[in-house]
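Summary of structural features
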Amino acid sequence: MNKSYLFFDIECANCFDGVGKMCSFGYVLTDAEFNVLDSDDVVMNPETEFDWYLFSPKNRCQLAYSKDYFRAQRNFEAYYKPLKKLIEAPDRKVIGFSSANDVGFVVSACERYNLPLIQFAAFDIAVIVDNAKGEKKGLADWCAHYNIDTSSLQAHKSEDDAVMTMKLTQAFCKENNTGIEELLEKNKGCRLSVEKYLEHREIKRHNDEVMQKIQELYGKKCRAVLTNRLKGDYTFGFKIKKDIDESLKIATLVFKHGGILKKSLKANGTVIIEDDTPEEYIQQMKKKNLTPLTISDFYEIVRME
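The text that follows walks through the structure, step by step, so that each part is easy to find.

The rules behind the values
Residues numbered from 1 in each chain as written. Predicted model: local features only at pLDDT ≥ 70, side-chain atom pairs only at ≥ 80, totals over all residues. Heavy atoms only, no water. Pairing = 2+ DSSP bridges. Helix = DSSP H or I, 4+ residues; strand = E, 2+ residues; numbered from the N terminus. Axes fitted to C-alpha atoms, helices over the stretch in contact; angles between N-to-C directions. Contact = heavy atoms within 4.5 Å. Core = buried A, V, L, I, M, F, W, Y, C linked by side-chain atoms within 4.5 Å. Buried < 20%, exposed > 50% of the residue type's maximum accessible area, 1.4 Å probe, protein only. Phe/Tyr/Trp six-rings, centres within 6.5 Å; stacked < 30°, edge-to-face > 60°. Lys NZ or Arg CZ within 6 Å of the ring centre and 35° of its normal.

With respect to the sheet that holds strand S3 (residues 36–43)
- The six strands are arranged S3-S2-S1-S4-S5-S6 in an open sheet whose pairing can be described as mixed. With partners counted over all chains shown, the strands left at the sheet margins are S3 and strand S6 (191–193), one partner each. Between one strand and the next, the sheet's axes are offset by a mean angle of 25°, whatever the strand orientation.
- With seven bridges joining them, strand S2 (residues 22–30) and S3 adopt antiparallel strand pairing. Bridge pairing in S3 places tyrosine 27 opposite aspartate 40.
- Along the sheet, helix H2 (residues 76–88) makes contact with strand S1 (4–12), S2, S3 and strand S4 (92–96), crossing S2 at roughly 25°.
- Relative to S1, helix H3 (residues 99–112) is tilted by about 75°, and along the sheet it contacts S1, S2, S4, strand S5 (121–124) and S6.

Pasting the structure below:
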């Protein structure tokens, strides 16, 4: 079977609670020479409210169809089988622009309707071009950079955005004198599978839950302390999410040993820092009347007999 390339884009009615509710799936299917084999804008009823901003006069890129038109269509479940067949076809590569979001939208749609997940991986041409050029631009701006005529295309119409994604990929391949298959083979790191997306989502959920627990300790004073060894104000001198579980452990120990955790300190407090913190950074803290305390020394204080 000949290889084919599916360029796609998704629009959502809203992303409330971090869940995208799909209202259109646009795509362009091509061969390796960018000859168009098929294209469509699959418009559907999201069966939810629309984010008010999508139809606001202040929004320069409004959705391509009216609310009534979306409402008159069938829902995602009605299109599930043909979309699954389209996306999962053998020897098919899927490409999007900022496609991590779109992978998530497909997952969310399947979950909302209790349907088996559509299993695929999408290459992100945005990341490929951004990395090559050393700067970030939106789809329209990259198309303008490559002098791609988009005068007949409408932003936020899924099929048209898919066309722009295809034309951008074609222009980038031409500039680099490479075929699309070779381009994708060299950029496997810019590919996100549904499986990997689910792993990332689970990590984010865990991190958000732990971060919430840390935030609940800010400014709190323990009424039944284990000791008063850490009496005073404390803050983190490193990025909490670098090791979120370790950060919660430290925050809990500060709380239980008489200290008060603060989001930040301007002066007169202790800054918990990593053991390999540069001396220059330590001296800067001391000039602000802050006391640097390495993680190793922190644990030594807590473990004191």
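So much for the structure itself; the text now carries on.
Considerations on the nonpolar core
- The biggest cluster of nonpolar side chains holds 31 residues, and the ones touching the most others in it are Phe25, Phe76 and Phe120.
- If near-sequence neighbours (up to four positions away) are discounted, phenylalanine 120 is found in contact with Phe8, Ile87, Val94, Val103, Val106, Leu192, Ser193 and Val194.
- Counting residues in hydrophobic clusters, the runner-up holds 29 residues, among them Ile125, Val163, Leu168 and Ile180.

Side note on the packing of aromatic side chains
- Evaluation of the coordinates by the stated rule reveals 14 aromatic pairs.
- Relative to tyrosine 27, the ring of phenylalanine 25 lies with its centre 6.4 Å away and its plane at 50°, an arrangement referred to as tilted. Note on accessibility: phenylalanine 25 and tyrosine 27 belong to one class, buried.
- Pairing phenylalanine 76 with tyrosine 113 gives two aromatic rings, centres 6.1 Å apart and planes at 35°, and the pair type is tilted. Of this pair, phenylalanine 76 sits in helix H2 while tyrosine 113 sits in the loop between H3 and S5, and the two are 37 residues apart along the sequence. Take phenylalanine 76 and tyrosine 113: they sit in the same class, and that class is buried.
- Three or more aromatic residues joined by ring pairs form one cluster here, namely Phe50, Phe55, Tyr65, Tyr69 and Phe70.
- When the ring centre of tyrosine 79 is taken as origin, the NZ or CZ atom of arginine 74, which lies over that ring, is 4.8 Å away.
- It is lysine 137 that lies over the ring of tryptophan 142; its NZ or CZ is 5.5 Å from the centre.

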